[in-house]
Amino acid sequence: MSTPERLRLNTIAGPLLGEFLLGMTVAMGGLWLASHESDAAAGAFGLVNQILETLSVAFRVLAIGLGVMVTQYVGGGQHAAARRVALLALGASSWVGAAIMLVVVAGNDVMLDWLNAPAMVASLAAPYLQWFAPALLLDAYNLSMAAVLRAHLFAKDSLRIMIAMHGTHLALAFVIMRGWGSWDGMGLEGYAIAMLISRALGLVLHLWFWRVRMQLTPSKQDWWRFAWVDFAPVLRVGLPGAGVEVTYRAAFMVSLAATARLGVTALATHSYTLQLLKYVLLSRAV
């Protein structure tokens, strides 16, 4: 296994900042495209985006725990243990991702009802949210595999993958949502389809970098194998690390439901404002 040279903190933090900016910019681009449809479409985009961010907390819990565990093993020279936990990321992501997919497929109407989605917004958000189900499974893999890659100090490679993945998402979203030539496009659903394709690309690139940088090639069994003995330490690390975010997301969803009761225009305004504020919050965090 090739070992990269010792890196400075800024060399690791810089690519992470870039990944955050890329993700936020793609969401801003999607909201801009949705706003050209109608206020209801923009409100549906923002509402579904917040549901997805809340559900993806489960993926971040997994990624945080895996990243810390792999970092500890790599730092201690326990490369066999690091490889075992890295492969655990695939099986754990399959089960966690499948569970979140089931929540989206079976409970999307319930979630929209809990959030007081106006009728015009709900009619657009319900099918739009369904399209995201398979993309969420791929997102679980990408987040976990990126955490493992960064734990081996290949943060720049992780950023390269994110640039390709998010760039593909934004480019495809523009075409599939707005159409091309005589084709009118698919509207909101086009954003979800573009995300599915881009996440599939991200998975392929992660597998390639795993093989090239870490000489790690998963077997078929690794995609579903799950060992609680190995997974329990991941949760012990990941759950406290994500505790603040879980609390924030729960409180935020309450405020989102209150905004939705004010109507379509208020919900669309909320979507625009929140997306802009994310850039402000990120700059303060830096």
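Let us look at the structure shown here. Everything numeric here is computed off the predicted structure, so don't read it as measured data.

1. Quick look at the packing of helix α2 (residues 39–55) against helix α5 (residues 119–131)
In step 1: In the contact formed by α2 and α5, the axes pass within 8 Å of each other and the chain directions differ by 50 degrees. Taken together, the axes of α2 and α5 lie oblique to each other. Along this stretch, α2 crosses α5, giving a crossing that reads as right-handed. Contacts between α2 and α5 involve Ala40, Ala41, Gly43, Ala44, Phe45, Leu47, Val48, Ile51 and Leu52 on the former and, on the latter, Met120, Val121, Leu124, Ala125, Tyr128 and Leu129.
In step 2: Its residues assigned to classes, the contact of α2 with α5 shows 14 nonpolar, one polar and no charged.

2. Things to note about the nonpolar core
In step 1: Leu47, Ile51, Tyr128, Phe132, Leu188 and Tyr191 are the most contacted members of the largest nonpolar core, which has 50 residues in total.
In step 2: In terms of residues, this core owes the most to one element, α2, which gives 10 residues.
In step 3: Setting aside anything within four residues of it in sequence, one finds leucine 47 in contact with Leu112, Leu115, Ala117, Val121, Leu256, Leu267 and Ser271.

3. Comments concerning the environment of alanine 117
In step 1: Position of alanine 117 relative to the elements: it lies in the loop between α4 (79–114) and α5.
In step 2: On the basis of relative accessibility, which here comes to 18%, the residue alanine 117 falls in the buried class.
In step 3: Alanine 117 has contacts with Leu47, Leu112, Ala122 and Ala260, leaving out every residue within four places of it along the chain.

4. Examining the side chain of lysine 278
In step 1: Within the secondary structure, lysine 278 sits in helix α10 (residues 264–285).
In step 2: In this structure, lysine 278 is in contact with Met24, Asn49, Gln50 and Glu53, ignoring residues within four places of it in sequence.

5. Comments concerning the side chain of histidine 206
In step 1: Relative to the elements of secondary structure, histidine 206 occurs in helix α8 (residues 188–214).
In step 2: The buried category is assigned to histidine 206, whose relative accessible area is 0%.
In step 3: Other than its neighbours up to four places away in sequence, histidine 206 contacts Asn142, Met145, Ala146, Leu149, Ile161 and Met162.

6. Thoughts on the environment of isoleucine 100
In step 1: Mapped onto the fold, isoleucine 100 is located in helix α4.
In step 2: Take isoleucine 100: its relative accessible area is 10%, and that puts it in the buried class.
In step 3: Separated by 34 residues in the primary sequence, isoleucine 100 and proline 134 have C-alpha atoms spaced 9.8 Å apart.
In step 4: Beyond its immediate stretch of four places on either side in the chain, isoleucine 100 contacts Leu55, Ala58, Phe59 and Leu136.

7. With respect to the packing of aromatic side chains
How two aromatic rings sit relative to each other is given by the distance of their centres and the angle of their planes.
In step 1: Summed over all chains, the structure comprises seven aromatic pairs.
In step 2: Ring centres of phenylalanine 45 and tyrosine 191 lie 4.9 Å apart, and the angle between their planes is 75 degrees; on these two criteria the pair is classed as edge-to-face. Highlighted residues: phenylalanine 45 in helix α2 and tyrosine 191 in helix α8, separated in sequence by 146 residues. Here phenylalanine 45 and tyrosine 191 have matching classes, each one buried.
In step 3: Taking 4.9 Å as the distance between ring centres and 70 degrees as the angle between the ring planes, the aromatic pair formed by tyrosine 128 and phenylalanine 132 counts as edge-to-face.
In step 4: Accessibility expressed as a relative area gives 1% for phenylalanine 132, which makes it buried.
In step 5: Among the aromatic side chains, those forming a connected cluster through ring pairs are Phe45, Tyr128, Phe132 and Tyr191.

Calculation criteria
- Residues numbered from 1 in each chain as written.
- Predicted model: local features only at pLDDT ≥ 70, side-chain atom pairs only at ≥ 80, totals over all residues.
- Heavy atoms only, no water.
- Axes fitted to C-alpha atoms, helices over the stretch in contact; angles between N-to-C directions.
- Helix = DSSP H or I, 4+ residues; strand = E, 2+ residues; numbered from the N terminus.
- Parallel < 35°, antiparallel > 145°, perpendicular 65-115°, else oblique.
- Left-handed = near helix turned anticlockwise from the far one by under 90°.
- Contact = heavy atoms within 4.5 Å.
- Nonpolar A, V, L, I, M, F, W, Y, C, P; charged D, E, K, R; others polar.
- Core = buried A, V, L, I, M, F, W, Y, C linked by side-chain atoms within 4.5 Å.
- Buried < 20%, exposed > 50% of the residue type's maximum accessible area, 1.4 Å probe, protein only.
- Phe/Tyr/Trp six-rings, centres within 6.5 Å; stacked < 30°, edge-to-face > 60°.

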